[in-house]
Amino acid sequence: MINLEYFGSEGMDTMRQRSAEILCIGTEILMGDIVNTNAAYIAKELAGLGINVYHQSVVGDNPQRLREALELAFSRADIVITTGGLGPTYDDLSKETIAAFFGRELVMDQESLHRIECHFLRQNRPMTENNKKQAMMPQGCIIFPNNNGTAPGCAIEGTGEQQGKTAIMLPGPPREMKPMFEESVKPFLLKDSDTRLVSHTMHFFGIGESMLESLLRDLMEHSLNPTVAPYAKTGEVQLRVTARVQNGEDAEALLQPVMRQIEEQVGGYLYGIDVGDLQTAAVHALKASGLHVAVAESCTGGYVAKRLTDVSGASEVFECGVVTYSNRMKHQLLGVSQQTLDTFGAVSEETAREMAAGVRRLSGAEIGISVTGNAGPEPSEGKEVGLVYIGVDSPEMSRVFMLQVNRRDQDARETIRYLASSHALSLILKAVDAMAKAEAKKKTQR
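All of these numbers come straight from a predicted model, not from anything done at the bench. (Residues numbered from 1 in each chain as written. Predicted model: local features only at pLDDT ≥ 70, side-chain atom pairs only at ≥ 80, totals over all residues. Heavy atoms only, no water.)

**Structural notes on the sheet that holds strand 6 (residues 142-144)**
Pairing within the open sheet is mixed, and its six strands lie in the order 2-1-3-8-7-6. What marks the edges here is a single partner per strand, and that holds for strand 2 (51-59) and strand 6. The mean angle between the axes of side-by-side strands here comes to 15 degrees, regardless of whether they run parallel or antiparallel. Pairing analysis gives five bridges linking strand 3 (residues 79-83) to strand 8 (residues 166-170), with the strands arranged parallel. Residue pairing across strands places Ile81 opposite Ile168, the latter belonging to strand 8. Packing of helix 2 (residues 38-48) onto the sheet brings it into contact with strand 1 (18-25), strand 2, strand 3 and strand 8, and relative to strand 1 it is tilted by some 165 degrees. (Pairing = 2+ DSSP bridges. Helix = DSSP H or I, 4+ residues; strand = E, 2+ residues; numbered from the N terminus. Axes fitted to C-alpha atoms, helices over the stretch in contact; angles between N-to-C directions. Contact = heavy atoms within 4.5 Å.)

**Here's the deal with unusual backbone geometry**
Here the bond from Asn225 into Pro226 is cis, since omega is 15 degrees, no more than 30 degrees from zero. In this structure, Pro226 sits in the loop between helix 8 (217-222) and strand 10 (227-233). At the junction of Gly376 and Pro377, the peptide bond is cis and its omega measures out at 15 degrees in the coordinates. Positionally, Pro377 belongs in the loop between strand 15 (367-373) and strand 16 (387-394). If you check the backbone angles, Asp274 has positive phi at about 55 degrees while not being a glycine.

**Points about the packing of aromatic side chains**
Counted by the stated rule, this structure contains six aromatic pairs. An angle of 15 degrees between the planes, with centres 5.4 Å apart, marks the rings of Phe74 and Phe101 as stacked. You can see Phe74 sitting in helix 3 (residues 63-74) and its partner Phe101 sitting in helix 4 (residues 94-101), a full 27 residues away along the chain. For Phe74, a relative accessible area of 6% corresponds to the buried category. Classification of Phe101 as buried rests on a relative accessible area of 13%. (Phe/Tyr/Trp six-rings, centres within 6.5 Å; stacked < 30°, edge-to-face > 60°. Buried < 20%, exposed > 50% of the residue type's maximum accessible area, 1.4 Å probe, protein only.)

**Observations concerning helix 14 (residues 349-363)**
For helix 14, built from 15 residues, the straight-helix expectation of 21 Å at 1.5 Å per residue is met to within 8% by its first-to-last C-alpha distance of 22 Å. All of the buried residues in helix 14 are Thr351, Ala352, Met355, Ala356, Gly358 and Val359. Down the axis of helix 14, the buried side of the element spans an arc of 165 degrees, and every buried residue falls inside it. Gly364 lies just past helix 14 and shows a positive phi near 85 degrees. (Expected span 1.5 Å × (residues − 1). Arc of directions from axis to C-beta.)

**What to know about the side chain of Ser422**
Tracing the chain through its elements places Ser422 in helix 15 (residues 412-445). By relative accessible area, Ser422 is classed as buried at 0%. Residues contacting Ser422, with those up to four places away along its chain left out, are Phe205, Leu278 and Arg307.

**Focus on the side chain of Glu236**
Within the secondary structure, Glu236 is located in strand 11 (residues 236-246). At a separation of 2.5 Å, a polar atom in the side chain of Glu236 contacts the side chain of Tyr271. The residues contacting Glu236, other than those within four sequence positions of it, are His203, Phe204, Phe205, Tyr231, Tyr271 and Leu278. (Polar contact = N/O pair within 3.5 Å; in protein donor to acceptor, adjacent residues only side chain to side chain.)

Everything listed here is a matter of coordinates, which is why it stays silent on function.
See below:
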């Protein structure tokens, strides 16, 4: 989370600060039946608009508790953004409760009703009477059309004692909420905004959060605008560099010098900026270089291939993934010698090396990656749980890296497999970089 209070006060007198609270409505969220991804999305979007978020709440489908949550939210925020409770059923009471809070009646909006009717016609489904409820809108509200569902959203701007307070109601399903936020809510919020936040996320692998923070402590403590905030993920760390600027100001003029300083200090662990994740960075790097990869997996059971193919466009660079769980298949499919398997075992540097070479030979890809290890829960072949070997075979790199994940918790097996796949993806980036440097060196020698 970006702590906006870290920003210095210089120039703030000319910037109108607004705060928002996110209130997600739905008993299914409280019961744990669905994961509340809406709040994370909205918070990130509001940060980009320069709107502070200090609180997030969840409340069930209960009018009295929703009313209490609204009163609390408006006691500490100018804007309350709700998701959920706009459906056609009896327990969808967000509009009714919020309209009553502002002293507004619900009236039929004919344009919204027409859009709902057209939606059912396009779907070739009958429209039931209760769907008309979704076209009942608070009097005087600003309506946000729903281009991906039936429930329109809206904004109510307070008057009188509620002057300066705004409620924004959005549908609960993310596939409806996100487009509505982008198409309607952003323009609505920007009409009064004279300040914004601009962020870049720097992605690091192979260094822990504590080590990264210790190397950058002075920068992180003394940089007020932009701020530098660490975010730890499984096996990697992100730094979000965020600048606050007035509209028309160049945020990059503030961001780039700080990012260059970070890269100078810890650039050896940096695998990308605003790239999303390791698999996306790997696919993009392969595309940019015109290279292809093939993967041979044992303990990860296809995890590396799965993460690569999660990225759109991976078919252009990913040749094949082979899961050789048994020694027999390692030998028959990948050409790992029986002597290697008998002498060193499946979990060994030697086997990983031959697996990487074998899958590269099998596929014709420029880069072959292998993963073999013991994800547990019990030792195997005398090899301890968490011991993993990750190999790479390419024209410029033929190496095997040993990974030792010392985990004894309930999710140890999954964590070992995930971290092993992350190291394999990181190794793809290293192989691409090595080939790019070799090609650049050849060009200078011509």
